[in-house]
Amino acid sequence: MKGKKVYVVLEEYYNDGDTESSVLGVFDTMEKAYNKLEEQIEVYKSYGVFDTEDFDDAEKDENSYYISCSCDDYYGSIEIIEQIVQ
């Protein structure tokens, strides 16, 4: 039996000693998952924690995004994981 491919968008956010992990969504196309990743980057911008330079220095490719605060230990990590479900 062949499974269906889905794209899981996972986030990990570190804030003052607390690590929060969450599934931001499960999507049927990579494009929708990538849009969710981009949407979460905009959410990070609204936090007021990261400087412009932090966004400039963020590590990003089509499947992941990692940003850290240059003046503190805050970070955000978003990853798209391709998964086969039955």
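An account of the accompanying structure is given in this report. (Residues numbered from 1 in each chain as written. Predicted model: local features only at pLDDT ≥ 70, side-chain atom pairs only at ≥ 80, totals over all residues. Heavy atoms only, no water.)

1. Re the environment of Glu42
Here is step 1: Within the secondary structure, Glu42 is located in helix H1 (residues 30-47).
Here is step 2: Judged by relative accessible area, Glu42 falls into the partly exposed class, the value being 45%. (Helix = DSSP H or I, 4+ residues; strand = E, 2+ residues; numbered from the N terminus. Buried < 20%, exposed > 50% of the residue type's maximum accessible area, 1.4 Å probe, protein only.)

2. Comments concerning unusual backbone geometry
Here is step 1: The phi torsion at Asp16 lies on the positive side, around 50°, for a residue other than glycine.
Here is step 2: Position of Asp16 among the secondary structure elements: in the loop between strand E1 (4-15) and strand E2 (18-27).

3. Description of the packing of aromatic side chains
Here is step 1: Scanning all chains against the criterion turns up eight aromatic pairs.
Here is step 2: Between Tyr13 and Phe50, the ring centres sit 6.4 Å apart and the planes meet at 80°, which makes this aromatic pair edge-to-face. Separated by 37 residues along the polypeptide, Tyr13 in strand E1 and Phe50 in the loop between H1 and helix H2 (52-57) bring together distant segments of the chain. Across this residue pair, the class does not change: Tyr13 and Phe50 are buried.
Here is step 3: The cationic tip of Lys45 hangs over the ring face of Phe55; the distance from NZ or CZ to the ring centre is 5.7 Å. (Phe/Tyr/Trp six-rings, centres within 6.5 Å; stacked < 30°, edge-to-face > 60°. Lys NZ or Arg CZ within 6 Å of the ring centre and 35° of its normal.)

4. Comments concerning the pairing of strand E4 (residues 64-68)
The side chains of a regular strand alternate between the sheet's two faces.
Here is step 1: Burial along E4 is one-sided: the face carrying Tyr65 and Ile67 is buried and the face carrying Ser64, Tyr66 and Ser68 is not.
Here is step 2: Joining the antiparallel neighbours strand E3 (residues 59-61) and E4 is a turn of two residues.
Here is step 3: Of the pairings in the sheet, the one linking E4 to strand E5 (residues 75-85) comprises five bridges and is antiparallel in character. Following the sheet pairing, Ile67 is matched in E5 by Gly76. (Pairing = 2+ DSSP bridges.)

All we've got here are geometric facts, nothing functional implied.
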